[in-house]
Amino acid sequence: MSRRTALVVCPGRGTYNKSELGYLKRLHGHLSDLLGILENERSIAGQVSLESLDQADRYSVSTHTRGDNASLLIHGCAMGDFAAIDSEQFDVVAVTGNSMGWYIALTCAGAVSPSTGARIVNTMGTYMQEASIGGQLVYPLTDHAWKKDTRRRADVLSLLESLNDKPGIEVDVSIELGGTTVLAGNTKGIKALSEALETIDQYPMILQNHAAFHTSLQAPVSQKGLAAFAPVDFGEPSIPMIDGRGHIWSGKSADPAKLHEYTFGHQVVETYDFTRAIQVGMREFAPDCIILLGPGSTLGGAIAQSLIGIDWNSIDSKAAFQARQSSKPILLSMGRDDQRPLVTGELNE
């Protein structure tokens, strides 16, 4: 039986929530090498251990969502999941990620060593937390069938333009996330956005412990990242990577200097287009399926909406995606108990 080709998607911030408490130990406690690398990074940085966070008696929003805690915790869960993919069933043809997921993708693809990857994630997460510049909120740009609402997008972009003309306000698009947009800005800008945007269900939703990622406001964090790491920390990926512009990095064409510059430059201060990354991955590699690494599965909707945006294999609506998932799933989320065994090969044991 031939292997299925797969595009692997790495999660970003906000994916380790109350229901994920204990995920790292429960699923990956046996991976001593991985856990050793992660805990060594925490020890060097003088930070609380991942074990104490993952094995806490209760989930704490104020503790578990902090960038200096959440980042490496999510990275560890995702790397454990990547190692658990059944190589006899799946051939990983490309890897991408959302926002912080780009850092995880670097390690999955072999562009950086496991120890360097852990250091990048923990360092940048700590820098973001220490700076705590601005914030983010989420807002939908599709209708209930997950189809594009071009009028709403135009209204949002117009609002951003008008708000930026007001003194003391800085707002921008942070992440293109399938059928939603993540907007970011300084404190005054986020407040203005939350008050001006039309209420749709639970939106606009301000994200807790999130800064104005992927905007020019993060220039100080970008400069610290560029100084803390060097091109020599990067190498040639063994698996093609798709970044937040939809650019593909593969093999010898992945110049370490340019990869370093993108990772701590453009990736930090410019809009991250996760939608385009997924769509490029599908069009360029035509995988049989998409594997979403845990923890959590909150990116599932954004991935589905990205597929709907290009009418992938006649998936042109929420109903069409759900029908496909119930027959022959194209999206396999390792953070879901019902789909994880399909990826790890546990059903075949």
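Cut-offs applied
- Residues numbered from 1 in each chain as written.
- Predicted model: local features only at pLDDT ≥ 70, side-chain atom pairs only at ≥ 80, totals over all residues.
- Heavy atoms only, no water.
- Pairing = 2+ DSSP bridges.
- Helix = DSSP H or I, 4+ residues; strand = E, 2+ residues; numbered from the N terminus.
- Core = buried A, V, L, I, M, F, W, Y, C linked by side-chain atoms within 4.5 Å.
- Buried < 20%, exposed > 50% of the residue type's maximum accessible area, 1.4 Å probe, protein only.
- Contact = heavy atoms within 4.5 Å.

Bringing the sheet that holds strand β9 (residues 272-273) into the picture now. Backbone hydrogen bonds hold the strands of a sheet together, and the pairing may be parallel or antiparallel. With mixed pairing, the five strands of this open sheet are ordered in space as β6-β3-β5-β4-β9. The strands lining the two open edges of the sheet, one partner per strand, are β6 (205-206) and β9. In this structure, strand β4 (residues 171-177) lies alongside strand β5 (residues 180-185), joined through six bridges in antiparallel fashion. Its bridge partner lying in β5, I175 is registered against V182.

The next point concerns the nonpolar core. W102, F274, I291 and L293 are the most contacted members of the largest nonpolar core, which totals 110 residues. Residue contributions to this core peak at eight residues, all from helix α5 (residues 67-84). Setting aside anything within four residues of it in sequence, one finds W102 in contact with G97, M241, I242, D243, W249, L259, Y262, T263, Q267 and Y272.

We now examine the pairing of strand β10 (residues 289-292). Side chains of β10 alternate between two faces, with C289 and I291 and I290 and L292 buried alike. Bridging between strand β1 (residues 4-10) and β10 involves four bridges; their strand directions are parallel. Among the inter-strand pairings, L7 is bridged to a residue of β10, identified as I290. Relative to strand β11 (residues 331-333), β10 is paired through three bridges, and the arrangement is parallel. Paired with L292 across the strands is S333, a residue of β11.

In this model, Y203 is joined to P204 through a cis peptide bond whose omega is 5 degrees. Secondary-structure assignment places P204 in the loop between α9 (187-196) and β6. With omega at 10 degrees, the peptide bond leading from G294 into P295 counts as cis. By the secondary structure assignment, P295 is in the loop between β10 and α13 (300-309). With phi around 60 degrees, S99 is a residue other than glycine that occupies positive phi space. As for its position among the elements, S99 is in the loop between β2 (90-97) and α6 (101-108). Take S99: its relative accessible area is 9%, and that puts it in the buried class. For D201, which is not glycine, the phi dihedral falls at a positive 55 degrees. Residue position: D201 is located in the loop between α9 and β6. Taking the relative accessible area as the measure of exposure, D201 reaches 58% and is therefore exposed.

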